[in-house]
Structure formats: C-alpha cells, structure tokens
Amino acid sequence: MKILGICGSPRGGKSQMLEADGIVLASPVYLDHVTAQMKALLDRTSHFVHCLRLTGKYMAALTTSGGGGGEATMAFMKPNLQPYHH
Ligand SMILES: Cc1cc2nc3c(=O)[nH]c(=O)nc-3n(C[C@H](O)[C@H](O)[C@H](O)COP(=O)(O)O)c2cc1C
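Residues numbered from 1 in each chain as written. Predicted model: local features only at pLDDT ≥ 70, side-chain atom pairs only at ≥ 80, totals over all residues.

Peer 1: Run through the overall build of the protein, naming residues and quoting values.
Peer 2: Broken down by element type, the protein carries four helices and three strands. The helix and strand sequence of the protein, counted from the amino end, reads β-α-β-α-α-β-α. In the protein, which comprises 86 residues, the proportion classed as buried is 21%. In the protein, 63% of the contacts between residues at least 6 apart in sequence involve partners at least 24 apart. (Helix = DSSP H or I, 4+ residues; strand = E, 2+ residues; numbered from the N terminus. Buried ≥ 20, exposed ≤ 12 C-beta atoms within 10 Å, placed from the backbone. Contact = placed C-beta atoms within 7 Å.)

Peer 1: Give me the lowdown on the site of the ligand, citing residues and values where you can.
Peer 2: As a matter of local geometry, the ligand sits amid Pro28, Val29, Tyr30, Leu31, Asp32, Thr64, Ser65, Gly66, Gly67, Gly68 and Gly69. Classifying every residue of the shell around the ligand by side-chain character gives four nonpolar, six polar and one charged. (Near = placed C-beta within 6 Å. Nonpolar A, V, L, I, M, F, W, Y, C, P; charged D, E, K, R; others polar.)

Peer 1: I'd like to hear about helix α2 (residues 36-44), residue by residue, with values.
Peer 2: Every buried residue of α2 is listed here: Met38, Leu41 and Leu42. What you see down the axis of α2 is that its buried residues fit within an arc of 95 degrees, all on one side. (Arc of directions from axis to C-beta.)

Peer 1: Tell me about the nonpolar core, and name the residues and values.
Peer 2: In this structure, Ala20, Ile23, Leu25, Val34, Met38, Leu41, Leu42, Met59, Ala61 and Met77 together form the largest nonpolar core, which totals 10 residues. Here this core gets three residues from one element, more than from any other, and that element is α2. (Core = buried A, V, L, I, M, F, W, Y, C linked by C-beta atoms within 7 Å.)

Peer 1: Explain the pairing of strand β3 (residues 58-64) to me, using residue names and the numbers behind them.
Peer 2: Residues of β3 alternate between two faces, with Met59, Ala61 and Thr63 buried on one and Tyr58, Ala60, Leu62 and Thr64 left unburied on the opposite face. With seven bridges connecting them, strand β2 (residues 22-28) and β3 associate as parallel partners. By the bridge assignment for β3, Gly22 is matched with Tyr58. (Pairing = 2+ DSSP bridges.)

Function cannot be read off these values alone, since they describe shape.
Written out as structure tokens, the structure is:
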C-alpha cells in the first residue's frame, strides 16, 4: 500500500496524490490556519475533490501548534477528507 504524507508543496505532489492509496495532510498552525504551502496545495488540487478523483483513498489530516488554533486548522482541512475513507 502506498501512503503519501503531504506537508504542503507549492509545486508537485499532484500526480503522487493520484497514485497513492492513502494521503496524510499535515500542517503546523500558522496564525490560526494552515501554512501558505498547504493552502496552495489545496487550492491547486481543489478539482480533485470536486471531481471525486481521490474517491476510495484512505485520507487523514494532522496538525501541530504552539498551543492553540488546532481546531480551526483541522476544520479547514477536513472538507478535503469527507468524500473519502478516513
Ligand atoms: C509564522 C508562525 C505562526 C504561528 N502561529 C501559531 C498560532 O497561531 N497558534 C499556535 O498555537 N502556534 C503557532 N505557531 C507555532 C507553530 O504551530 C509550531 O511552531 C509548530 O506547530 C511546530 O511545533 P514546534 O515548534 O513545537 O516544533 C506559529 C509558528 C510560526 C512560525
């Protein structure tokens, strides 16, 4: 099984997401949000969600913080997981 861990990359990652059996989205909390890199990745791959290109893959998200903002950051990433197994 091929699991891909993504911390957010401004370039690349799209074909690896399509090839992987599972995807882990991971971002530290920056100013109560995901990092700019994770936001850019989710922007570039938003059509994957809308067109159900990741259906059937195992999906998970995780975040780390200095003490707060984890809920808001997870809430932002969570809709990207909902159509899938997680
Ligand atoms: C630009 C920047 C913004 C950050 N914003 C927050 C924040 O809003 N809330 C918070 O709890 N931690 C914040 N942090 C701390 C990071 O989330 C934390 O450093 C990261 O999760 C890694 O944890 P570590 O420093 O213990 O390794 C911020 C860090 C940076 C560099």
